[in-house]
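What the coordinates show
Listed below are the residues making up each chain.
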Amino acid sequence: MSKFSITGGKSLEGTITVSGAKNAVLPIIAASLLCAEPIQLDDAPDLLDVNVMNQVISALGATVERNGSTLKIHAHEIDCIEAPYDLVSQMRASIVTMGPLLARKGHVRISHPGGCAIGSRPINWHLKGLEALGAEVKMDHGFLDVSSKGLRGARIYLDYPSVGATENIMMAAAMAHGTTLIENAAQEPEIVDLATFLNEMGGKVRGAGTSIIHIEGVREFHSTSHTVIPDRIEAGSYLLIVAATGGDVLVQNVIADHLKPLIAKMEEAGVRMIEEGDGIRISGDGVYNAVDIKTQVHPGFPTDLQAPFMAFLTRANGTGLFTETVFENRFMHVDELKRMGADIKIEGRSAIVQGIQRLNAAPVTATDLRAGAALILAALTAEGTTAIRGIHHIDRGYEKVEEKLSRIGADIVRED
Ligand code: UD1
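All of these numbers come straight from a predicted model, not from anything done at the bench. (Residues numbered from 1 in each chain as written. Predicted model: local features only at pLDDT ≥ 70, side-chain atom pairs only at ≥ 80, totals over all residues. Heavy atoms only, no water.)

1. Re the domain arrangement of the protein chain
Segmentation of the protein chain into domains returns domain 1 (3-19 + 230-415) and domain 2 (22-227). One C-alpha centre belongs to domain 1, the other to domain 2, and the line joining them spans 30 Å. Facing the 24 residues of domain 1 at the interface are 19 residues of domain 2. A combined buried area of about 1,800 Å² lies between domain 1 and domain 2, and 54% of that area is made up of carbon and sulfur atoms. Here domain 1 and domain 2 share two salt bridges between them. In this structure, Glu-190 and Arg-232 form a salt bridge, with 2.8 Å as the shortest nitrogen-oxygen distance. Counting across the domain 1 and domain 2 interface gives six residue pairs in polar contact (both at pLDDT 80 or more). Elements with a minimum of two residues in the side of domain 1 that touches domain 2: α12 (369-381) and α13 (392-395). (Domains from an automatic or database assignment. Contact = heavy atoms within 4.5 Å. Buried area = accessible area lost by both parts, 1.4 Å probe. Salt bridge = Lys/Arg side-chain N within 4 Å of Asp/Glu carboxyl O. Polar contact = N/O pair within 3.5 Å; in protein donor to acceptor, adjacent residues only side chain to side chain. Helix = DSSP H or I, 4+ residues; strand = E, 2+ residues; numbered from the N terminus.)

Right under this line is the structure:
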């Protein structure tokens, strides 16, 4: 089993480049199923999750070719409406093929994705939205069978601004008859990127990035090329890593606006950053003050940066309170950080982090993607050599992480 072997204590210097956003490209690949003509996606990160999504749409009949960071997708014919269980069970996000497949073929079968390490993760709001558009949903031996004799635009109020539900409904509504309004929609930058892509293919979507999205259905989409937005979570993870280790690094290919909630909290802790071209230059000495973090939907503090931020604060001066409001079980990294000496107590949905002088290397395991990023950060600041197992989770969302970090001076080696 592969592991990362990381020796802490190196200060980082140079430039690190952020890849295209995993959470933007996944629904965009799914949305390509709406179009019978060729699609080109640039800045598509080469990640485990992206590979799984490519395999899902290939199994449905699309062709997918990768050349560097460019994906060429052609969903000329969709000859299968069932997303294979072994792929869907590997990646929950494949549920976003449901909306476009339903819109294009009028019928989709997909295994119920079930829970995962960070909570039970139901999909009731996805289904409620599709039903409002006229779909009939049945459960059949662990599979969701969703069909429609013709989707019709509707006014849909989401009980909660779920990212995946907003995406599934947007993609189904993009090809429905008439107009759909999604109220209390998710406002994440990845939603805006999906809307941009749908519009580039000939869709009519307005209001993405606000709480009300207005979609006028169209009958056909046309060929286009699209450049995926930079990954704000990868960028945020690198900013936190450099702040924690100390050094001077330009994190490039960043949309600073997408990182406002993180930047505000890092500045409150005492980190110095300046925008430079399409990047952010960060310089630091690794010594900061504790702050409180409450995760929220965008533009609040992103839940995906909660774990790396907690690792960053383990050595801060004072006590920080972390409150996780988005997922029910997202403190899996805490026990691993404690193995490295961190002083953290969990109380319900909050974690209290008391800053300590230093972390010590220990064998640890990444339990999910962002917990993995937190452990990399902790290991890079710890005394000694840390072995991180479970790194397939990290490969799901951080492209060539060891290469990128080695290039700026980190001591990180992948061992098979
Ligand atoms: C997406 C991101 C993930 C990020 C999350 C929140 C992708 C591939 N993943 O996940 O990295 O952490 O947004 O920013 O883009 N919920 C329900 N019923 C539903 C849908 C969601 O109860 O029908 C709950 C979930 O269990 C969770 C919360 O709502 O507690 C937020 O989920 P959601 O916004 O849907 O996140 P995802 O789209 O799964």
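2. Considering the UniProt feature "binding site: phosphoenolpyruvate" (unreviewed entry) in the protein chain
When the UniProt feature table is mapped onto this chain numbering, "binding site: phosphoenolpyruvate" (unreviewed entry) sits at Lys-22 and Asn-23. Here Lys-22 lies in helix α1 (residues 22-31). Not counting chain neighbours up to four residues away, the residues in contact with Lys-22 comprise Pro-45, Leu-47, Asp-49, Asp-231, Leu-369, Arg-370, Arg-396 and Gly-397. A polar atom in the side chain of Lys-22 sits 2.9 Å from the side chain of Asn-23. Relative to the helices and strands, Asn-23 resides in helix α1. (UniProt positions renumbered as here; feature names shortened; annotations may be inferred.)

3. Brief notes about the pattern of salt bridges
All chains considered together, the criterion is met by 21 salt bridges. One salt bridge in this structure joins Arg-109 and Asp-140, with 2.9 Å as the shortest N-O distance. One end of the pair, Arg-109, is in strand β7 (residues 107-111); the other, Asp-140, is in strand β8 (residues 136-140), with 31 residues separating them in the sequence. If you follow the salt bridges from partner to partner, you end up with Glu-82, Arg-109, Asp-140 and Asp-145 in one network.

4. Remarks on the sheet that holds strand β17 (residues 279-284)
The strand order across the open sheet built from four strands is β2-β15-β17-β16, with neighbouring strands paired in mixed fashion. Each of the sheet's edge strands pairs with one partner strand only, and the pair in question is β2 (12-17) and β16 (272-276). This sheet shows a mean twist of 15 degrees between the axes of neighbouring strands, independent of strand direction. Contacting β2, β15 (247-252), β16 and β17, helix α8 (residues 232-245) crosses the sheet at an angle of about 175 degrees to β15. (Pairing = 2+ DSSP bridges. Axes fitted to C-alpha atoms, helices over the stretch in contact; angles between N-to-C directions.)

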